[in-house]
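# Reading the structure
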Amino acid sequence: MNVPFNDLKREYLSIKQEIDAAIREVIDNTAFIKGKYLNKFEEEFAAYCNTRYAVGASSGTTALHLAMEGFGIGKGDEVITVSHTFIGTTEPISHAGADITFIDIDPKTYTMNPSLIEALITSKTKAIVVVHLYGQMADMEAILKIARKHDLIVIEDAAQAVGARFNGNGPGFYGNAACFSFYPGKNLGAYGDGGAVVTSDEAAAMKMKMLADHGRLSKYLHDTEGYNYRLDSLQAAVLGVKLKYIDEWNGKRREVASFYNEHLKDLDMVLPEVAHNAEHIYHIYCVQVKDREFIQKRLKEKGVSSGIHYPVPLHLQPAYAHMNLGRGSLPETEQCVDLIMSLPIFPFITADELEHTAATLHGILRP
Ligand SMILES: *Cc1c(COP(=O)(O)O)cnc(C)c1O
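Structural notes, computed from the coordinates. (Residues numbered from 1 in each chain as written. Predicted model: local features only at pLDDT ≥ 70, side-chain atom pairs only at ≥ 80, totals over all residues. Heavy atoms only, no water.)

## Comments concerning the pattern of salt bridges
Applying the stated rule across the entire model yields 17 salt bridges. Two residues, Arg 10 and Glu 353, come together in a salt bridge whose shortest N-O distance is 2.7 Å. With Arg 10 in helix α1 (residues 8-14) and Glu 353 in helix α13 (residues 351-365), this residue pair connects regions lying 343 residues apart in the sequence. Overall, Glu 353 belongs to the buried group, its relative accessible area being 6%. A salt bridge links Glu 11 to Lys 242; the nearest nitrogen and oxygen atoms lie 2.5 Å apart. Of this pair, Glu 11 sits in helix α1 while Lys 242 sits in helix α9 (residues 233-243), placing them 231 residues apart in sequence. Shared partners join several salt bridges into a network, and the residues in it are Lys 34, Asp 213, Arg 216 and Arg 230. (Salt bridge = Lys/Arg side-chain N within 4 Å of Asp/Glu carboxyl O. Helix = DSSP H or I, 4+ residues; strand = E, 2+ residues; numbered from the N terminus. Buried < 20%, exposed > 50% of the residue type's maximum accessible area, 1.4 Å probe, protein only.)

Right, dumping it as structure tokens:
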């Protein structure tokens, strides 16, 4: 039996008629850029996030770049963020002209360890980019307390966390803004690249909307140079359909996680830990194992896909070699990256596939 890591085809087939009709409508109206389909999705997504505004973007990375510039983060500023994430978190910090300060994680939740923030704050520190990795929100109340005390902007990288909660509140509630990716493999995925920033700050929202569309709010007047970072209408239409299902699909992901939690608990494997006040939406189901290479190879022989998110932390990437952060600079991050492994999880995975995955893991770890 083959167990894919994700299968977007099954999801599409479950809502094919609605998706096809939504795409056809955009094409019939040849309304590909801006206009009613984008506006409608932005309104619906802001409502879903309980924020006043949503600004569509061409990807999660460009959404984060809009947030950097929208909140005036740039040259001479330092931004604290994690190294245990995808490079799309940090590229926008550099592209905005600011400097990255890497911080270590809480090894239980894999998210930013708030108790390490204050030691990293300097007179140049302007913002914190918090990553809600794997679908679990970081400890936003602890982080916000420190941010308020030091007058720092908080941007949430919620690329993996549509629908996640912390004390009942979603991304966008605590931070000045939250940024999302609609890359096809994310929980809320478009049929191509896409992203969005949500915020309740009106001035920042208008600035980000302007920057995303060549620095203009009207057709022929450019207040500044901006970017072409728009979310296109076909993607907005697809996302509008899928947004109606996201809570149901996140619920299915939680059921899959419960299955793994129950069936893998006796194995020599560290299972995901959820903070008592967090609601995880399991974009990734990440475990820690001792002999990862061997286990992944055996899983593959039995048709079970697995992944590593992410094998090389950003501070040890060639792209950041100039920061001279060698091994030992972020011990918790470095310790977990050699052990982590992600198991197949998606709303349409079948009971047979889950049984096969669990049985295969038992066969490998308890032969
Ligand atoms: C996917 C992702 C991004 C980047 O999103 P893109 O849409 O691929 O540009 C940024 N941060 C995290 C944590 C991600 O998972």
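Alright, that's what it looks like, and here's the rest.
## Some remarks on the packing of aromatic side chains
The final tally for this structure, using the stated rule, is 17 aromatic pairs. Ring plane angle 80° and centroid distance 5.7 Å describe the contact between Phe 102 and Tyr 320, whose orientation is recorded as edge-to-face. Separated by 218 residues along the polypeptide, Phe 102 in strand β3 (residues 99-103) and Tyr 320 in the loop between α11 (292-301) and α12 (331-337) bring together distant segments of the chain. Residue Phe 102 shares its accessibility class with Tyr 320, and that shared class is buried. Connected via pairs of aromatic rings, a cluster forms that spans Phe 41, Phe 45, Tyr 48, Phe 180 and Phe 182. Looking at Lys 252, its charged tip hangs above the ring of Phe 348, at a distance of 4.9 Å from the centre. (Phe/Tyr/Trp six-rings, centres within 6.5 Å; stacked < 30°, edge-to-face > 60°. Lys NZ or Arg CZ within 6 Å of the ring centre and 35° of its normal.)

## Examining the environment of Val 55
Tracing the backbone shows Val 55 in strand β1 (residues 53-57). For the pair Val 55 and Val 197, spaced 142 residues apart in sequence, the C-alpha to C-alpha distance is 5.2 Å. Sequence-distant contacts of Val 55, defined by excluding residues within four places in its chain, comprise Glu 42, Gly 195, Ala 196, Val 197, Ala 205, Met 208 and Lys 209. (Contact = heavy atoms within 4.5 Å.)

## Structural notes on the site of the ligand
Among the 15 residues in the neighbourhood of the ligand, the closest are listed as Gly 60, Thr 61, Asp 157, Ser 181 and Lys 186. In the environment of the ligand, an oxygen atom lies 2.8 Å from a nitrogen or oxygen atom belonging to the backbone of Gly 60. Contact distances for the ligand include 2.6 Å between an oxygen atom and a side-chain N or O atom of Ser 181. Notes on the ligand: free accessible area 380 Å², of which the protein chains cover 92%. Residue composition of the shell around the ligand, by class: four nonpolar, nine polar and two charged. (Near = heavy atom within 4 Å. Polar contact = N/O pair within 3.5 Å; in protein donor to acceptor, adjacent residues only side chain to side chain. Areas by Shrake-Rupley, 256 points an atom, 1.4 Å probe, with all protein chains shown as cover. Nonpolar A, V, L, I, M, F, W, Y, C, P; charged D, E, K, R; others polar.)

## Thoughts on a nonpolar patch on the surface
Nonpolar side chains collect at one region of the surface, where Ile 27, Phe 32 and Ile 33 lie side by side and expose about 260 Å² of accessible area between them. Ile 27 gets classed as partly exposed once you look at its relative accessible area, which sits at 42%. (Patch = residues over 30% accessible without salt bridge, like charges linked within 9 Å, V, L, I, M, F, W, Y side chains within 5 Å.)

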